[in-house]
Amino acid sequence: MNTNSARLRRLSVIGSLAVGTVVLLAGPASAHVSIPGAAEKGGYGTIALKVPNEKDDASTVKLEVTLDPKHPLSSVMPQPVPGWDVKVEKSKLDKPLKTHGKTITEAVTKITWSGGKIEPGQFQQFPLSVGQLPTDADELVFKALQTYSDDEVVRWIDPSKPGGHEAEHPAPTLKLVEKTSPDHHDKNAKSDKNSDAEDDKGEATASGSDSGDKDASDTTARVLGIVGIVVGVAGAAFGIVAGRRRNA
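Just so it is clear, the model here is predicted, and its values are computed rather than measured. (Residues numbered from 1 in each chain as written. Predicted model: local features only at pLDDT ≥ 70, side-chain atom pairs only at ≥ 80, totals over all residues. Heavy atoms only, no water.)

### Some details on the environment of Ile 47
On the secondary structure map, Ile 47 appears in strand E2 (residues 45-52). Aside from chain neighbours lying at most four places away, what touches Ile 47 is Ile 35, Phe 126, Pro 127, Leu 128, Val 130, Phe 142 and Leu 174. (Helix = DSSP H or I, 4+ residues; strand = E, 2+ residues; numbered from the N terminus. Contact = heavy atoms within 4.5 Å.)

What follows is the structure in structure tokens.
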């Protein structure tokens, strides 16, 4: 009995060690600096760089983002992130931008967040308001450098590989989609107008029905009144004739 118990204990310990070894070999799931979602071409929008901490023994202390020089944006505004300082750098444009009747000669080319911490097992989002987004591209690349508290720098700058294969350190990319057609708004407006017209028609029909009922009632009242007068006159005449007969 004791021998069996000892064997069970040894098997249990071996099983636990095996499971622990598998977990250690598997390691944490890989996560990248990314830009979830998509934005419409030619428009303005708010995006967010999602920065996970991939290390177990260090914190992320800095994020540097470089904008795509092929597609400069006339407006780039970072949203304040509690605990983080932000620095926005601009550069002269080789070719000025014209937007909303204004000529833009410089644009934001780099944004740096520092002074905060992303602890192991956590992530942080860094929102940006951007525009006007290009209409001649399907994506916008934001190259990023992630600095850890142990001075390691991870460079998220690799371009996407052909065939859909993911690079080792892919650059954060904003997907650009065609602008939604406003036709559905017009259709809804027309539908509302038709509905209102039908309601007005229904009210007019109901009003006409009420008017018809009222006219019918008035006509009936007139007929009954005339009949009453005729009956009254006939009764009076009959009374006079009967009286004369009695006197005779």
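### Some thoughts on the side chain of Thr 112
With respect to the helices, strands and loops of the structure, Thr 112 is situated in strand E6 (residues 102-118). Note on Thr 112: relative accessible area 12%, which makes it buried. In contact with Thr 112, not counting residues within four places along its chain, are Lys 62, Leu 63, Glu 64, Asp 85, Val 86, Lys 87 and Glu 89. (Buried < 20%, exposed > 50% of the residue type's maximum accessible area, 1.4 Å probe, protein only.)

### Overview of unusual backbone geometry
In this structure, Gln 132 follows Gly 131 across a cis peptide bond, with omega equal to -15°. Within the secondary structure, Gln 132 sits in the loop between strand E7 (123-131) and strand E8 (139-148). Notably, Asp 151 is not glycine yet its phi reads approximately 75°, a positive angle. Residue Asp 151 is classed as exposed on the basis of its relative accessible area, which comes to 66%.

### A word on the pattern of salt bridges
Per the counting criterion, the structure on display carries 6 salt bridges. The closest approach of N and O atoms between Glu 139 and Lys 175, which form a salt bridge, is 3.4 Å. With Glu 139 in strand E8 and Lys 175 in strand E10 (residues 173-177), this pair connects stretches of sequence that are 36 residues apart. One salt-bridge network, in which partners are shared between bridges, spans Lys 41, Asp 138 and Glu 178. (Salt bridge = Lys/Arg side-chain N within 4 Å of Asp/Glu carboxyl O.)

### Side note on the sheet that holds E2
With antiparallel pairing, the 3 strands of this open sheet are ordered in space as E2-E7-E4. If you trace the sheet from one side to the other, it starts and ends with E2 and strand E4 (75-78), each paired once. Recorded for the sheet is a direction-independent mean angle of 25° between the axes of neighbouring strands. Strand direction decides the pairing type here: E2 and E7, joined by 8 bridges, are antiparallel. Each residue of the ladder has a partner; that of Leu 49, found in E7, is Phe 126. (Pairing = 2+ DSSP bridges. Axes fitted to C-alpha atoms, helices over the stretch in contact; angles between N-to-C directions.)

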